[in-house]
Structure formats: structure tokens, C-alpha cells
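Okay, here's what each chain looks like letter by letter:
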Amino acid sequence: MSEPDDSPPTSQMFEYKMLPLHMDFKEFTICKPAPFSCDEEAILERERCDYTKRITYQMARSGQTNRRVRVYADGIYDLFHQGHARQLMQAKNIFPNVYLIVGVCNDELTHRMKGRTVMNGFERYEGVRHCRYVDEVVQNAPWTLSDEFLENNKIDFVAHDDIPYGHGGQDDIYAPLKARGMFVATERTEGVSTSDIVARIVKDYDLYVRRNLARGYSAKELNVSFLSEKKFRLQNKMDELKSRGKRELTKVKGDIITKWEEKSREFIDTFLLLFGRERLNHLWNESKGKLIQALSPPGSPSGSINGDDLDADANDSSDEYLELPTEYSGGSSSSLNGIKKRSFRSVAGSLPDDYDVDDDDNENDNDNDDAFDTEFVERRSN
């Protein structure tokens, strides 16, 4: 008898070959779905189980058993979600060595006892048997568990949430199992259920109908009327146009910003070329004096007589306004006629029409002139 070879495996030992096309893929896969209770694999597992030796809760909990503990969990499992998977995971891990059997009710029983489902029986069976925690699936599972059903499937414990489930006049259909010590409790996952998922779909019904219409479904398949179909398709078209417009606008904005950056660089380069630091300093020095003169306020006047500004150097012009008659100035050379001709012509527009300021040769006007002279002196003195 030759001794076993403990040498490490070589690459020749892992040579792979092409599988024949006529062979079933299930014969070569490592992971496979759980068998149905009527399949040969499940039947053999059930026959190997010595059900005459009953397993108590303490024995199963401690792991001191001579066989796998057969735990049964049942449900509808419509729209299989994480709440279902978490419940099956708890049932699988409730004891150290568990063989998990999952019962799924058929469509007829489910529709009569609970209501319409989204998925049919075949889809619900397949969803459960592809969960990695499941070892066997029972099709057409009963609503209530009889002793005969428990014995035929050699079930040690039933896993379900601890909330009382009433049916047929019973407050809790699991009460007999609890009394016999064959019930183990699992926890429900809050915030998720099949009813919640259906409620979400109903809430956003229009969005899902529009989505499926855009994906090629017909109005008949979605059970919508002709007018509703046209309305949903129009909404899809409007949303498509809005999305396209946003994309184009974003693209145009990007192009404008890019061109603006390019042009701004050109403007800056041209400006620096024409007006460098030396050129700007030269222009500033030339225009600094003009800027200061333009920004500085004008100087205040030196003095005024009766509110009128007078220049110190304008002696000639002031002399003609300061020229007074002989009786006021003490001289004989000055006359009011000179004042009248020089100064009152500037205000002729304000004199009465009967004043004749230009006709000095008319002898008949002497009396008027004397009256005018007297009036003018009075006005000047006031």
C-alpha cells in the first residue's frame, strides 16, 4: 500500500477542459439553487434524518445533536426583498447546525387568504430557492401547519415572528407549536415590506407608466387608456426636450466661458504691449498736474461791494462806477451825464421807457436830466 503524496499540487493537476455542449451546467456549478421537497436530493436528505430521536430546544441551542436540526419557515415571499432575506438568515443561524426548509404558498391559496400578489407562484418559488440561506423549498405550502405535515417533512422547529397571527377563529395559529416548544421567534425588519413596496409604486404610478412606455411597453400591457397613453408620451417628449435643452445650454455656456478666457488673455497681452509700466508712468506724470487742477476746487474771491465781486486790478472799470457828481465827490470835472452814459447803458433794459439816456443835445430834456440825476443819486446812495 503506497503512502499518500503530501507534495504540493502542480499546475498539471488543475488543467481545465472545454465542457461538452450537451452537458447540463448544474452538474459543474459549485453554487446552485435549493432543491424542491420533491427533488431527489431533498428526499435523500429527509430519509437520512432519524426523526424518532426528537431534538429539544436546549439540545439544539447547545449544538449537542447527532444530526442537523430541521427548521421550517413559511410565507408568501412576494417581491422578495431584504426583509425576507433577513428573516431567513435569522432562521438559518438560530441554532449551530440548521437545515432550513422554506414553505411558499401557491397563488390560489394566497389570493383567497391574503389577496393578489405581484409575482406568480413560480416566480416566488424561484426567488426563495436562490437565497443562499435556504436548503430546501416546499411548494404549495399549507396556511396552517398540521401534525401530519410536520411529520412528513420531519420538522423540528418552526421559525416565525412572535406577533400573534390569527386565522379561522384562532387568535394565533402558532400557539400550539409554542405550547409544545417547537416555535422559535425571528424579528421583523422595520421599514420594509411587500405592502410598502407596492405603496411606493402606486404613489409614483405615472412615473413608472411613463418609464415603461419609453422602454417599449404598449398601453394594453400597462392597462392604460388611449388618452392616458398619449398624455404620458407627451410628458416623456417634453422631459426629453428639457433635458436636451439643458445639455445644449450647458455646452454653450462652456464654449462662451472658454472663448471669453481666450479673448481676455489676448486683450491683456495687447494692453501690456501698448501700455507697459514705463509708458503708464510717463502718461501719469504728464497728466498728474492736469488731474490735480481739474479735481481742486476754485479759489474764493478776495472781496465784494454790496454783494458784487471786484478784482483788485480792474481799476479802470471800477472807476466808471465810482464816478460821482460834484456835490458828492468834491470835484468839478465829474457829471451825472457821464455816469448815465457809461453805467446805465448796461442796465437800460431795466429803465423806464420815458428815460432818454442817449440824447444829450436836446435842451428840452434838461429838466428830465436833472430829475434823472437826482433819482440816480438817491438809488446809488440807497
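Everything discussed here concerns the structure shown above.
Residues numbered from 1 in each chain as written. Predicted model: local features only at pLDDT ≥ 70, side-chain atom pairs only at ≥ 80, totals over all residues. Heavy atoms only, no water.

Details of unusual backbone geometry
Here is the rule: Going along the chain from the N terminus, every DSSP run of H or I of four or more residues is numbered as a helix, and every run of E of two or more is numbered as a strand. Note on exposure labels: buried denotes an accessible area under 20% of the residue type's maximum, exposed denotes more than 50%, and partly exposed covers the range between, all computed with a 1.4 Å probe on protein chains only.
At Lys-154, a position not held by glycine, the phi torsion is positive, near 50°. Residue position: Lys-154 is located in the loop between helix 6 (147-152) and strand 4 (157-161). Phi is positive for Asn-223, close to 60°, though the residue is something other than glycine. Looking at the secondary structure, you find Asn-223 in the loop between helix 10 (219-222) and helix 11 (226-274). For Asn-223, a relative accessible area of 70% puts it in the exposed group.

A short note on the pattern of salt bridges
Here is the rule we go by: Just to be clear on terms, a salt bridge is a Lys or Arg side-chain nitrogen sitting within 4 Å of an Asp or Glu carboxyl oxygen.
For the structure on display, the rule yields twelve salt bridges. Residue Lys-92 is joined to Asp-135 by a salt bridge in which the shortest nitrogen-to-oxygen separation is 2.6 Å. Highlighted residues: Lys-92 in helix 3 (residues 82-92) and Asp-135 in the loop between helix 5 (121-129) and strand 3 (136-138), separated in sequence by 43 residues. With relative accessibility at 18%, the residue Asp-135 sits in the buried group. The partner of Arg-188 in a salt bridge is Asp-161, with the nearest N and O atoms 3.5 Å apart. Linking Arg-188 in the loop between strand 5 (183-186) and helix 8 (194-203) with Asp-161 in strand 4, this pair joins segments that are 27 residues apart in sequence. Overlapping salt bridges, with partners in common, bring together Arg-68, Lys-92 and Asp-135 in one network.

Let's talk about the side chain of His-84
Selection criterion: Here a residue-residue contact requires only that any non-hydrogen atoms of the pair lie within 4.5 Å.
Of note, His-84 is situated in helix 3. In contact with His-84, not counting residues within four places along its chain, are Tyr-77, Asp-78, Leu-79 and Thr-194.

Describing the pairing of strand 4
Regular strands show a simple pattern: their side chains alternate between the two faces of the sheet. Rules: Only strands joined by at least two bridges in the DSSP assignment are considered to pair.
Here strand 4 lies mainly inside the structure; five of its five residues are buried. Burial along strand 4 is two-sided: Phe-157, Ala-159 and Asp-161 facing one way and Val-158 and His-160 facing the other are all buried. Note that strand 1 (residues 69-75) and strand 4 share three bridges and pair parallel. Note that in strand 4 the partner of Val-71 across the bridge is Phe-157. Where strand 4 and strand 5 come together, four bridges link them in parallel fashion. In the sheet register, Val-158 faces strand 5, and the bridge partner there is Phe-183.

Side note on the packing of aromatic side chains
Pairs of aromatic rings are described using the distance from one ring centre to the other and the angle between the two planes. To keep it simple, the criterion reads: Only rings of Phe, Tyr and Trp enter the pairing, Trp through its six-membered ring, and a pair is recorded when the two centres are within 6.5 Å. The plane angle decides the type: under 30 degrees is stacked, over 60 is edge-to-face, the rest tilted. Charge-over-ring placement is defined geometrically: NZ (Lys) or CZ (Arg) within 6 Å of the ring centre, and within 35 degrees of the ring normal.
According to the stated counting rule, one finds seven aromatic pairs in the structure shown. Relative to Phe-80, the ring of Tyr-77 lies with its centre 6.3 Å away and its plane at 40°, an arrangement referred to as tilted. Tyr-77 gets classed as buried once you look at its relative accessible area, which sits at 4%. Positioned over the ring face of Phe-183 is Lys-178, at 4.9 Å from the centre of the ring.

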